[in-house]
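An overview of the molecular structure
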Amino acid sequence: MTSTADHLATIDLLRARDFPDRPGVAGAVASGPGFHVADLLVSEDFWDADLERLMEVEEEFEAELEALVQVLSLRWGEPEVLDLVDHLERQAMGEPVPEPLASLCGYVGRVYGWRTGGRWIGLGIGQGDRELPLQLVAAIGEKTVR
């Protein structure tokens, strides 16, 4: 399992990385014009898992998210907390949703975000469906995200 320090290093690398002109995926990072979204931590899937196992993994992911939020809050101040349900509804109605929120809102419900150095940095936990893996994700955007 990767450590909080590894996750912080990944976030810092993505903050410094240029955004590509076209969407693409390289390893655990999806990027496109104005954004990067990286899986920091991915669980096993839960097709045959019991509820107790899912809750155990959720607690592990929440603890890692909390650790990252604490460290990044020391760097950049308290995060803005975004509920992505509104973005998902807008997307479903065909309205534009800026990246990286468009990529996140289908499986991440809430994001902790900071603005620094002309970029937006967000962290959240997502799961596309109960049987699918949990994902701790970091998102970097070039524009102000709301």
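Residues numbered from 1 in each chain as written. Predicted model: local features only at pLDDT ≥ 70, side-chain atom pairs only at ≥ 80, totals over all residues. Heavy atoms only, no water.

A look at helix α2 (residues 51-76)
With 26 residues, α2 should cover 38 Å at 1.5 Å per step; its first-to-last C-alpha distance of 36 Å lies within 8% of that length. On its buried face, α2 is in contact with α1 (4-16), β3 (35-42), β5 (110-116), β6 (119-126) and β7 (135-141). Glycine 77 occupies a position one or two residues after α2 and carries a positive phi of about 90°. (Helix = DSSP H or I, 4+ residues; strand = E, 2+ residues; numbered from the N terminus. Expected span 1.5 Å × (residues − 1). Contact = heavy atoms within 4.5 Å.)

Remarks on the sheet that holds strand β2 (residues 29-32)
Spatially, seven strands are ordered β1-β2-β3-β7-β6-β5-β4 in an open sheet, and the strand pairing comes out antiparallel. Where the open sheet ends on each side, the last strands, each with one partner, are β1 (24-26) and β4 (80-83). Taking each pair of neighbouring strands and ignoring which way they run, the sheet shows an average axis angle of 20°. Pairing geometry for β1 and β2, over three bridges, is antiparallel. Paired with glycine 24 across the two strands is serine 31, which belongs to β2. Strands β3, β5, β6 and β7 of the sheet are contacted by α2, whose axis makes an angle of about 165° with β6. (Pairing = 2+ DSSP bridges. Axes fitted to C-alpha atoms, helices over the stretch in contact; angles between N-to-C directions.)

What is shown is where atoms sit, not what they do.
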